[in-house]
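Listed below, chain by chain, are the residues.
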Amino acid sequence: MGTIVEKISAIEAEMARTQKNKATAGHLGLLKARLAKLRRELITPKGGGGGTGEGFDVAKTGDARIGFVGFPSVGKSTLLSNLAGVYSEVAAYEFTTLTTVPGCIKYKGAKIQLLDLPGIIEGAKDGKGRGRQVIAVARTCGLIFIVLDVLKPLQHKQLIEHELEGFGLRLNKQPPNITFRKKEKGGINLNIMVPQSELDLDTVKTILSEYKIHNADITLKYDATSDDLIDIVEGNRVYMPCIYLLNKIDQISIEELDVIYKIPHCVPISAHHKWNFDDLLEKMWTYLKLVRIYTKPKGQLPDYNSPIVLHSDHTSVEDFCNKLHKSIAKEFKYALIWGSSVKHQPQKVGKDHLLADEDVVQIVKKV
C-alpha cells in the first residue's frame, strides 16, 4: 500500500515542480497518465477479490439512489433522519456514522433511496480513513449530495471534489467528446477537427504509450485537455450530477444567504430546523431526470398512485415492459398511449416509441 501512495506523492511533487509550456506538455501528459494508472490500482488492488468491505454496500432498492458525501459533522445524519425519518446516530462529535445508513423517501410517486455515507477525510483517495469504501458506494448512486457547512464551505468543497475526482467521479460534467478506438495495426491516427491548445500527436502518443497502446484511431471534436484523453482511455469514469447542500443556514444573515443562492448547483438548507427542504426535493427531482409512467389495465381507470419510474435516457416502451416484467416484452403486440408523447389520444405505438413524463400506457398482448 505504502509504495503506491509514495509513488503517487512523488509524481504529484514532480508535476508541481515542472513548468507548464509547450516543451514540457508531453512530459506532463505522461505523468498524468501514470498518476491515473496508480490511482486505479489504489481503487482496485491487483490480484485476488477484494474484501467484503464490512457490510458497506447496501442492497439497491427503489428507483434511484442518492449518496450523502461530506466531511464529518456537517449534518448528514440529521438531514437524513429529518428527510426520511430514519434514525442514523446523531451526536455532536466527529465520525459518529461509521457504516452506510440507508433511508428511503417517496417523492412524486418514486421511491428514492438515500445513503448516509461516513465522513470523508482529506486523503481518502489514497486509502486514508474509510474513504475507499465510501467513494465506491458513492459511484453506484444516481446523484450525489455534497453536504457542506455554510460557515466553512469553499475549501471543503474543493477538497471533496478533489477526492471524488481522484476516484474517477466527474461531477456535473458531460463525457468528453473524443472518439477513441483501438485497432490491431496501423499506428496512431489522430484526427483533429478543432485547433488544439494542449494536445498534439506527440503528446497523445506519449500518453497512449504509457497504457501500452500503439495502434488506435482518435478523433478530437473540441479543444481537449490531456485529462480528458486519459479519462477516455481509462474508461472507468462515472459522470454524475451533484447538488451542493449548504447546511446550517440558521447561523448566517439574510444578506449572506442572498449571495449563497447565486452559486450554481447549490441549495442552502438547515437540516436541524427543516428549512428549505421543498426546494431541495424539487432540485433533486430535476437532477435525477426521472420519468413517471402510469399503467392502465383494460377497461379500468389509470393507476395514478404507483407509477413505473424510468430514467430519462431509457424511456422506450420496451424499457417500460422490461421494468414491469421480463415476459411482457415477448408477448407484446402494441401499446395504447395517452399523454404528451403522442399526437392522438390514445395512439397505437410499437416498442420503440419514446415515452414522456406522466404518460398513461396500456399494453395489448398477442393472443
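Residues numbered from 1 in each chain as written. Predicted model: local features only at pLDDT ≥ 70, side-chain atom pairs only at ≥ 80, totals over all residues. Heavy atoms only, no water.

Under an unreviewed UniProt entry, the protein chain has the name OBG-type G domain-containing protein and belongs to Photinus pyralis.

Trainee: I tried to follow the sheet that holds strand 15 (residues 347–349) on my own but got confused; where do I start?
Mentor: Consider a sheet: its strands pair through backbone hydrogen bonds, and that pairing is either parallel or antiparallel. Strand order in this open sheet of five strands is 13-12-16-14-15, and the pairing throughout is mixed. Of all strands in the sheet, those bounded by a partner on one side alone are strand 13 (303–311) and strand 15. For this sheet the average axis-to-axis angle between neighbouring strands, irrespective of direction, equals 40°. Here strand 12 (residues 290–295) runs beside strand 16 (residues 359–365); their pairing, made up of three bridges, is parallel. Paired with Ile293 across the two strands is Asp359, which belongs to strand 16. This element, helix 10 (residues 317–324), spans strand 12, strand 13, strand 14 (332–338), strand 15 and strand 16 of the sheet and lies at about 115° to strand 13. (Pairing = 2+ DSSP bridges. Helix = DSSP H or I, 4+ residues; strand = E, 2+ residues; numbered from the N terminus. Axes fitted to C-alpha atoms, helices over the stretch in contact; angles between N-to-C directions. Contact = heavy atoms within 4.5 Å.)

Trainee: I would appreciate a short explanation of the packing of aromatic side chains in the present structure.
Mentor: Where two aromatic rings form a pair, the distance of their centres and the angle of their planes describe that pair. Inspection of every chain in the model, using the stated rule, returns three aromatic pairs. Measuring from ring centre to ring centre gives 5.5 Å for Phe68 and Phe145, while their planes differ by 85°; the resulting arrangement is edge-to-face. One end of the pair, Phe68, is in strand 1 (residues 64–69); the other, Phe145, is in strand 4 (residues 143–149), and 77 residues separate them in sequence. Per residue, the accessibility class of Phe68 equals that of Phe145, and both read buried. When the centroid spacing of 4.9 Å and the interplanar angle of 75° are considered together, the rings of Tyr294 and Tyr304 count as edge-to-face. With Tyr294 in strand 12 and Tyr304 in strand 13, the pair connects residues that are 10 residues apart, well separated along the chain. With relative accessibility at 6%, the residue Tyr294 sits in the buried group. When its relative accessible area of 51% is taken as the criterion, Tyr304 is described as exposed. Cation over ring: Lys37 sits above Tyr211, and NZ or CZ is 5.7 Å from the ring centre. Directly above the aromatic system of Tyr244 lies the positively charged group of Lys157, at a separation of 4.8 Å from the ring centroid. (Phe/Tyr/Trp six-rings, centres within 6.5 Å; stacked < 30°, edge-to-face > 60°. Buried < 20%, exposed > 50% of the residue type's maximum accessible area, 1.4 Å probe, protein only. Lys NZ or Arg CZ within 6 Å of the ring centre and 35° of its normal.)

Trainee: Got a minute to help me understand the pairing of strand 1 in this structure?
Mentor: Along any regular strand, the residues point their side chains to alternate faces of the sheet. Of all six residues in strand 1, six are buried, a share of seventy percent or more. Burial of strand 1 is two-sided: the residues Ala64, Ile66 and Phe68 facing one way and the residues Arg65, Gly67 and Val69 facing the other way are all buried. Relative to strand 3 (residues 110–116), strand 1 runs parallel, the two sharing five bridges. Looking at the pairing, Ala64 lines up with Ile112 of strand 3. Here strand 1 pairs with strand 4 via four bridges, running parallel. Bridge pairing in strand 4 places Val69 opposite Ile146.

Trainee: Explain helix 9 (residues 277–288) to me, please; I cannot follow it from the model alone.
Mentor: The periodicity of an α-helix, 3.6 residues per turn, causes residues three or four places apart in sequence to face the same way. Between its terminal C-alpha atoms helix 9 stretches 16 Å, which fits the 16 Å expected from 12 residues at 1.5 Å a residue. Taken as a whole, helix 9 has its buried residues at Phe277, Leu280, Leu281, Met284, Trp285, Tyr287 and Leu288. Viewed along the axis of helix 9, the buried residues span an arc of 170°, placing them on a single side of the element. Facing away from the buried surface of helix 9 by more than 90 degrees, the exposed residues are Asp278 and Thr286. Phi turns positive one or two residues past the end of helix 9, at Lys289, with a value near 55°. (Expected span 1.5 Å × (residues − 1). Arc of directions from axis to C-beta.)

Trainee: Before we go on, may I ask you to explain unusual backbone geometry in this structure?
Mentor: When glycine is set aside, most residues are seen to have a negative phi, and most peptide bonds are trans. Following Gln345, the chain continues into Pro346 via a peptide bond in cis, with omega recorded as -15°. Along the polypeptide, Pro346 turns up in the loop between strand 14 and strand 15. Of note in this structure, Lys248 is not a glycine but carries a positive phi near 65°. Along the chain, the position of Lys248 falls in the loop between strand 10 (242–247) and helix 8 (254–260). Positive phi, close to 55°, is recorded for Lys289, a residue that is not glycine. Tracing the sequence through the fold places Lys289 in the loop between helix 9 and strand 12.

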